[in-house]
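What follows is the residue order along each chain.
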Amino acid sequence: MSRKQKRLALISGGVGFVALAVLLVLFAFSQAVAYFYVPGDLAKAHLAPGTRIRLGGLVESGSLQRGAGTLVHFTVTDTIGAVPVTYDGILPDLFREGQGVVAEGRLAENGSFVADTVLAKHDETYMPKDVADRLKAQGVSLGGGETIR
Amino acid sequence: MIVELGHYALVLALATAILQALLPLAGALSSDSALMRTGTNAAFAGFGLTLLSFGALTTAYVTSDFSVANVFENSHSQMPLIYRFSGVWGNHEGSMLLWLLILSFFSALVAFFGTHLPERLKALVLSVQAALAAAFALFILATSNPFLRLDPAPGEGSDLNPVLQDIGLAIHPPLLYLGYVGFSVCFSFAVAALIEGRLDAAWARWVRPWALMAWSFLTLGIAMGSYWAYYELGWGGWWFWDPVENASFMPWLAGTALLHSALVMEKREALKIWTVLLAILTFSLSLLGTFLVRSGVLTSVHAFATDPTRGVFILAILVIFIGGALSLFTLRAGALKAGGLFAPISREGALVLNNLLLTTAAATVLIGTLYPLVLETLTGDKISVGAPFFNLTFGLLMMPLLFAVPFGPLLAWKRGDLIGAAQRLMAAALLSLVAAAVMLYLRWGGPVLAPFVMGLGVFLMLGALAELGTRAGFAKLAFSVALRRLIGLPRASFGTALAHFGLGVTLIGIVSATAYQTEHILEMRRGETVEAGGYSLTFDGLRPAVGPNFTEERGHFLLRQGGVSAGEVWSSKRLYTARRMPTTEAGIRTFGLSQLYVSLGDARDDGAVVVRIWWKPWILCIWLGALLMSVGGAVSLSDRRLRIGVPAKAPSRPRLSAEAAE
């Protein structure tokens, strides 16, 4: 092979591979990412049941109920809407009623939300940024002790 | 007093860095040897001053001087000494000071070991290093000063985030930064070569040891961070594709590519332009990582505090250095001559494939990390890009690379013999297939692909051994002769084999721990028993305990295997008194390479506790493999060729020691 042909082989191989990678990325973006909603937006979004999303908001005070075994129920609210959440597992250390939470999972047929992951704030002065942004945008007070540094 | 001294030393370090950036550069442009030589002493002085500054902050932490705002916010007098010490970098300000310390440390190393470098190149490298140091020193003084005082001084500190109160904090950040920041030397060499307009095989020989060193530290740092997250967070996961993890993983991928492309440049003078670009990109990704972690644009356990001015400042540093380097690259790259020819099937070809796959994989990680930020800025939609995305893109792209790894070192330079290489790997391939078949049989009904990916891991391990065997000539020569030849092989060959072997070990660990782990979440009362991984755990109740700065409820579990006692596990829920913050301390017991992982949930009123138990088969392979890779890098680094291949003159040695004495 001449110098030109060798270079051509290298470049076309490279371009072909990068094209494959781009296709993979596009496919993955259409399949494997989860959108973030707060309860108020979720009602307007009309998502199909089974859609994988992240739901953020405050855990409604007094809504936490323990079911059989490790099952827990609680309500996530942004004061405009509220979504009942079911979760089977261990709640994070910093999970509290009245405080910020992000749950990842799927919408059930009856409009409730089945979470497979529940994340709470990372430490006592910090709440999930996504939640804080949205709540602030909707004019929800974050409470006295809640400072975002 | 000591604190003010540290503050003052930092200001002096900034001034020194500015001098070190300007004087050698002026010397290099005007061919003035005396000016060029100022860089060396300035680098030592800069390191000394930064060390003094860092020492002052450390003193304030160790002696619990709460009149310093940074110490007040992140320390507590009841914390054990080791956490008061590592707490220095357990916060934004201190960790930036550590960053600067390591940067100036590398400048000093270049100044110390660079005695054989051409005068002009060395001056330019030190100048670029100093420009970086000046930018970050200015950043610390302007936006993140750790030496600010509080008046009146509080009596007690507000404690370090409990998650950080762990030996991991003492080890993970310094190792990671040694890797991250180590690539700054490669960056400085690349920029210096571009300014000078000279780029040859010798350049690659000078850069490779730095890349190897940074890479080895980064490998260790990432592995350490992964293990720390695994045992500390109590979620049982070892990698979350968290943007901050990606921030350290991208420079690792690019750095791995750089190691391999510099090899081609050193041996064959090919891929010159590409290697320089990679050197720039690798450190650019380190800087990007620093920006992502430190600016607060991301929500993460690593984001200590968010302050918009910091983000803008780091972004400016990012734009100036990356933009400047890339502009210089586009201006000068055309003038660099293309190097040696090679056929697509050759060692060079294999290394090009390695680079293509690694950089593409790094690009998918970059896209997955930045896309949510871009999308939110453009449309306001918030999305989370997690494991499913990265498994589909990064995971799939890595498969052909992993398969190709054993072939690469068996191909000759210039024109390789693929069939010959395949024949030499025949035994390794057959054994790997047998291993896959055995796994498939043992785990019948489990995931179908997992045994084959584990077989690929075995192929990587055996392929690395096959390469050493081929080099020693075990197939052709008498055993004793081949054994002697094996011992006489250059250390770089052992380094390569060790790193590739380690990659296989890590792959096996990842697949095994992902595909074959078992998880139980259940409510347990005292005396109840559960089976996991062939062991039975009996819950023996909760015991209260008091630590130096926390109280805890410790869950006691008795282990039995086949009716015989196999020890016990303690897993606890802690409450750190100063911050009123609860944490989970997982109970982990190691059996060979596998681990039993017990995490406690909430206690019920009736005495029952929610417990999460994982059996993680062979999970230690993940970190063991990374350790082997890192050791492989170190073994390569100790190769004589990396030190003696350079035109070092004999008289330069006494001079080196004289300089050290200064």
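Computed from a prediction, not measured in an experiment: that's the story for all the values here.

1. Remarks on helix 16 (residues 450-472) of chain B
Residue and element names in this part refer to chain B.
Phase 1 of the analysis: The end-to-end C-alpha distance of helix 16 is 33 Å, a good match for the 33 Å that 23 residues give at a rise of 1.5 Å each.
Phase 2 of the analysis: The buried fraction of helix 16 is high, at 18 of 23 residues.
Phase 3 of the analysis: Once helix 16 ends, the next one or two residues include Gly473, with phi positive near 85°.

2. Quick notes on the sheet that holds strand 3 (residues 529-532) of chain B
Residue and element names in this part refer to chain B.
Phase 1 of the analysis: Ordered in space as 3-4-5-6-7, the 5 strands form an open sheet in which the pairing is antiparallel. In this open sheet, the two edge strands, each paired with only one partner strand, are strand 3 and strand 7 (581-585). Pairs of neighbouring strands in the sheet enclose a mean axial angle of 30°, with direction left out of account.
Phase 2 of the analysis: In the sheet, strand 4 (residues 535-546) pairs with strand 5 (residues 550-561) via 9 bridges, with the strands oriented antiparallel. Looking across to strand 5, one finds that Leu542 is bridged to Gly555.

3. Observations regarding the sheet that holds strand 9 (residues 594-603) of chain B
All names here are of chain B.
Phase 1 of the analysis: Taken together, the 4 strands give an open sheet; going across it, the order is 2-10-9-8, and neighbouring strands pair in antiparallel fashion. Each of the sheet's edge strands pairs with one partner strand only, and the pair in question is strand 2 (518-524) and strand 8 (587-591). The mean inter-strand angle of the sheet, taken between neighbouring strand axes irrespective of direction, is 15°.
Phase 2 of the analysis: The pairing of strand 2 with strand 10 (residues 609-616) spans 7 bridges and is antiparallel. Residue pairing for strand 10: Glu523 is matched across the bridge by Val610.
Phase 3 of the analysis: In the packing of helix 8 (residues 201-232) onto the sheet, the strands contacted are strand 8, strand 9 and strand 10, and the crossing angle to strand 9 comes to about 45°.

4. Section: the pairing of strand 2 (residues 52-59) of chain A
Residue and element names in this part refer to chain A.
Phase 1 of the analysis: Taking burial as the measure, the 8 residues of strand 2 include 7 buried ones, the bulk of the element.
Phase 2 of the analysis: The sheet contact formed by strand 1 (residues 33-37) and strand 2 spans 3 bridges and is parallel. Across the sheet, the residue bridging to Phe36 is Arg54, located in strand 2.
Phase 3 of the analysis: In this fold, strand 1 hands off to helix 2 (residues 39-45), which returns the chain to strand 2; that crossover is right-handed.
Phase 4 of the analysis: In terms of strand pairing, strand 2 meets strand 6 (residues 100-107) through 7 bridges, oriented antiparallel. If you follow Gly56 over to strand 6, its bridge partner there is Val102.
Phase 5 of the analysis: Bridge analysis of strand 2 against strand 4 (residues 71-77) gives 2 bridges, and the strand direction is antiparallel. Along strand 4, the bridge assignment pairs Leu58 with Thr77.

Rules used throughout
- Residues numbered from 1 in each chain as written.
- Chains lettered and ligands numbered in written order.
- Predicted model: local features only at pLDDT ≥ 70, side-chain atom pairs only at ≥ 80, totals over all residues.
- Heavy atoms only, no water.
- Helix = DSSP H or I, 4+ residues; strand = E, 2+ residues; numbered from the N terminus.
- Expected span 1.5 Å × (residues − 1).
- Buried < 20%, exposed > 50% of the residue type's maximum accessible area, 1.4 Å probe, protein only.
- Pairing = 2+ DSSP bridges.
- Axes fitted to C-alpha atoms, helices over the stretch in contact; angles between N-to-C directions.
- Contact = heavy atoms within 4.5 Å.
- Right-handed = clockwise from strand over helix to strand, strands pointing away.

Purely spatial values, then, with no claim about function.
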